[in-house]
Amino acid sequence: MDEKLRKDELARTVKFTPPLYKQRYQFIKQLVSKHKPKKVADLGCADCRLLWMLKFCKCIEILVGLDISEDVMKEKMHMLYPLPGDYLQPSERPLTVILHQGSVAQKDPCMLGFDMVTCIELIEHLEAKELEKFPEVVFGFMSPAMIVISTPNSEFNPLLPTVTLFRHPDHKFEWNRAQFQNWALEAAARYDYTVEFTGLGAPPPGEDDVGFCTQIGIFVRKYLKNGEPETVEKYKEHVYKTIFKAVYPSLKDEKYLQTAVVNEVVRTSQTIARRLLDNRKSKYKKVCDGVETDPLFLTPCFLRNVEYPSLTEADNPHMEPFVNGQIIYVPLAKIFSTPKVKQLCGTFETLRKLITGKVALSNDGSALLVETEYENEELENKQLLPASNQ
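Within every chain, residues take consecutive numbers counted from 1 along the sequence as written. Where local features are concerned, this predicted model is filtered to residues with pLDDT of at least 70; where side-chain atom pairs are given and counted, the filter is 80 or more; whole-chain, interface and lining totals use all residues. By convention in this description, side-chain values take in all heavy atoms of the structure and omit both hydrogens and water.

**Points about the confidence of the model for the protein chain**
So, point 1. The quantity known as pLDDT measures the predictor's confidence residue by residue, on a range of 0 to 100. Mean pLDDT over the protein chain stands at 84; residues scoring 70 or higher make up 80%.
So, point 2. The criterion used for residue contact is that any of the two residues' heavy atoms lie within 4.5 Å. When the criterion is pLDDT under 50, residues 295-317 qualifies, and its contacts beyond four places in sequence or with other chains add up to 50 contacts.
So, point 3. In the model, residues 374-381 has pLDDT below 50 throughout and makes 15 contacts with residues more than four positions away in sequence or in other chains.

Below, the structure is given as structure tokens:
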């Protein structure tokens, strides 16, 4: 076949869906879901797209990006800030996202103690001297539990019509499978890691011998370390420049937990109040002296049919909610029994502590008070009494 015709044919057949960069990010996300690391660093994070995807993984508590180009990170780092929804519904886990400007050929103690380090399409951008230092810095110094390295497979390049020498003008080299595997096996043996090889971007039918478009090495440290006090002591000086840091709202922070608990208590109380009033209206609404009477109006006819507990009895936390005048008493014990409130608070004492002073409670604090405005039956006109009206 004519070479031009062959390339035209390959241009039609070599298409990756989704795009290969998205497949690489999804591959990392799947590894995170499987191994559940708490501290993850992305070396060569560039436009922060992988970091943005990983910030939604519930296991990650520390997410760090490192890149030599401060400008590239600054263009996209805004998408790593918390969103309004993160404050309205804080996560149960803490999350801190940090971006550093610096070289992977330099050692900085801020990169110690990570569970996973990713190097996605990074090493081919390194100069020879940087590549020489890379294993000692990443495998030896950082020494995370897992390292994931991806790089182009040069054997696939003839199938890419637009590629002449390298896939990107900034690439310093592109390895074939044997070159990458030899380098990876040597690094793994030197620093006590195991390594498995895989890849993404399968070749078209009939071209299977070239391997994947992207080759990947997954390195796992053989031995867990008890800590690196000597390493930290030796490398006290920070050489990286921190250009971004975002601490996400978390229920581990009491101020966010209190807001979440108060909001949930308000919603739960309104739901209980609505059900109580709907049930009572259905049961007791009747015609008195020939006039239809709503039980929410405290008429003599209604009072003869409905007995209200005394305010003293209202302080019993095990009672069902009830109406007294324009006030609905909702026992805290009933509120605490709902799954969401119990999950947030853990203990009844914590619930009481977090809502005291934020909502109106009965004299002994055992029931929450909800005000009912009789002139309108909609729940929107039933509201929690302010704490000052107790």
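**Overview of the pattern of salt bridges**
So, point 1. Salt bridges are defined as contacts in which a side-chain nitrogen from Lys or Arg sits within 4 Å of a carboxyl oxygen from Asp or Glu. As enumerated under the stated definition, the model contains eleven salt bridges in all.
So, point 2. One salt bridge in this structure joins Arg24 and Glu121, with 3.8 Å as the shortest N-O distance. Separated by 97 residues along the polypeptide, Arg24 in helix α2 (residues 20-35) and Glu121 in the loop between β4 (116-120) and α6 (128-142) bring together distant segments of the chain.
So, point 3. Burial classification: accessible surface area is computed with a 1.4 Å probe over protein chains only, and a residue below 20% of its type maximum counts as buried, one above 50% as exposed, and the rest as partly exposed. Of the residues examined, Glu121 reaches a relative accessible area of 16% and is grouped as buried.
So, point 4. When the shortest N-O distance is used, the salt bridge between Glu186 and Arg190 registers 2.9 Å. Placement of the pair is Glu186 and Arg190 together in helix α7 (residues 177-190), with a separation of four residues, close to one helical turn.
So, point 5. Owing to a relative accessible area of 47%, Glu186 belongs among the partly exposed residues under this scheme. Starting at the N terminus, helices and strands are each numbered in turn, a helix being any DSSP run of H or I of at least four residues and a strand any DSSP run of E of at least two.

**Observations regarding α2**
So, point 1. The span expected for a helix works out to 1.5 Å for each residue beyond the first. Taking 1.5 Å per residue, 16 residues should reach 22 Å; α2 reaches 23 Å between its end C-alpha atoms and fits that length.
So, point 2. For α2, the full list of buried residues reads Leu20, Gln23, Arg24, Tyr25, Phe27, Ile28, Leu31 and Val32.
So, point 3. Once α2 finishes, Lys36 follows within two positions and takes phi at roughly 50°, a positive value.

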